[in-house]
Amino acid sequence: MREEDVLAEWDGIVLLLDAYEALLSASQKETLNLYFRFNLSLSEIAEEKGISRAAIFDALKKGVAKLRHYEALLGLSKKEAAANEAMEKLNHATTLAEAKAALPVLKEAFDDGI
C-alpha cells in the first residue's frame, strides 16, 4: 500500500472515530484513541494496558470494523463531508443559483442533526 493510501486510510478512521466514538465501549475508545490520535505503537499500548500486543491488534481490528459498520448503517461521516462541501460551495457562490444549489444538501444535513 502506498504511503498516501495509508495516510488516507488513517484519516478516514479518525473521521469515523469522530462520528461514532460515543458508540464504542470505554476500552475500545481508549485503544483506538491511543493508536490513531496519539500515535502510540502496539507495544506502548500493550504495556500501558498490561495486555499483549496481539490483544491490542485484535482490539484495533474489531474497533475499526465496528466504526465501519456504524458508518455503513448511519452514514454520518459521509453526510458530514457532503455538508462541508456544500458549505464551501455556498461560501464561494457568486450567483444566487449557485447558492441555491447548495441548500438541499445543507437542509438534509441539518435535518439529520449534522
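Report follows, based on the coordinates. (Residues numbered from 1 in each chain as written. Predicted model: local features only at pLDDT ≥ 70, side-chain atom pairs only at ≥ 80, totals over all residues. Heavy atoms only, no water.)

## Structural notes on the side chain of Glu71
For Glu71, the position within the fold is in helix 4 (residues 53-74). No salt bridge is formed by the buried Glu71; its nearest oppositely charged neighbour, Lys78, is found at 7.1 Å. (Helix = DSSP H or I, 4+ residues; strand = E, 2+ residues; numbered from the N terminus. Buried < 20%, exposed > 50% of the residue type's maximum accessible area, 1.4 Å probe, protein only. Lys, Arg positive; Asp, Glu negative; His and termini not counted. Salt bridge = Lys/Arg side-chain N within 4 Å of Asp/Glu carboxyl O.)

## A look at the pattern of salt bridges
Tallying each qualifying case throughout the model produces seven salt bridges. Bridged by salt links that share partners, the residues Asp18, Glu21 and Arg37 form one connected network.

## A word on unusual backbone geometry
With glycine set apart, most residues show a phi of negative sign, and most peptide bonds adopt trans. Phi at Asn39 is positive, roughly 60 degrees, even though this residue is not glycine. Note that Asn39 resides in the loop between helix 2 (26-37) and helix 3 (42-49).

## So, the nonpolar core
If you look at soluble globular proteins, the nonpolar side chains tend to sit buried side by side. Of all hydrophobic cores here, the largest spans 18 residues; its most connected members are Leu24, Leu32, Phe36, Ile56, Leu60 and Leu67. Leaving out residues up to four positions away in the same chain, Leu60 has contacts with Thr31, Leu32, Tyr35, Phe36 and Leu42. Ranked by size, the runner-up nonpolar core spans five residues in total, among them Ala83, Ala86, Leu106 and Ala109. (Core = buried A, V, L, I, M, F, W, Y, C linked by side-chain atoms within 4.5 Å. Contact = heavy atoms within 4.5 Å.)

## Quick word on the packing of aromatic side chains
A complete count under the given rule lists four aromatic pairs for this structure. Ring geometry for Trp10 against Phe36: centres 4.8 Å apart, planes inclined by 65 degrees, an arrangement best described as edge-to-face. Here Trp10, found in helix 1 (residues 3-20), pairs with Phe36, found in helix 2; they are 26 residues apart in sequence, far enough to count as distant. A ring pair is formed by Tyr35 and Phe36, whose centres lie 4.9 Å apart and whose planes are at 90 degrees; its orientation type is edge-to-face. On the basis of relative accessible area, Tyr35 is assigned to the partly exposed category, the value being 22%. Residue classification places Phe36 among the buried positions, given a relative accessible area of 10%. (Phe/Tyr/Trp six-rings, centres within 6.5 Å; stacked < 30°, edge-to-face > 60°.)

## Remarks on helix 1
Spanning 18 residues, helix 1 covers 26 Å between terminal C-alpha atoms, matching the ideal 26 Å at 1.5 Å per step. On the buried face of helix 1, the contacting elements are helix 2, helix 4 and helix 5 (76-92). (Expected span 1.5 Å × (residues − 1).)

## As for helix 2
In this model, helix 2 (twelve residues) spans 15 Å end to end at C-alpha, consistent with the 16 Å of a helix rising 1.5 Å per residue. Burial in helix 2 covers these residues: Gln28, Thr31, Leu32, Asn33, Leu34 and Phe36. Against helix 1, helix 3 and helix 4 lie the buried residues of helix 2. Where helix 2 terminates, the next one or two residues include Asn39, which has phi positive at roughly 60 degrees.

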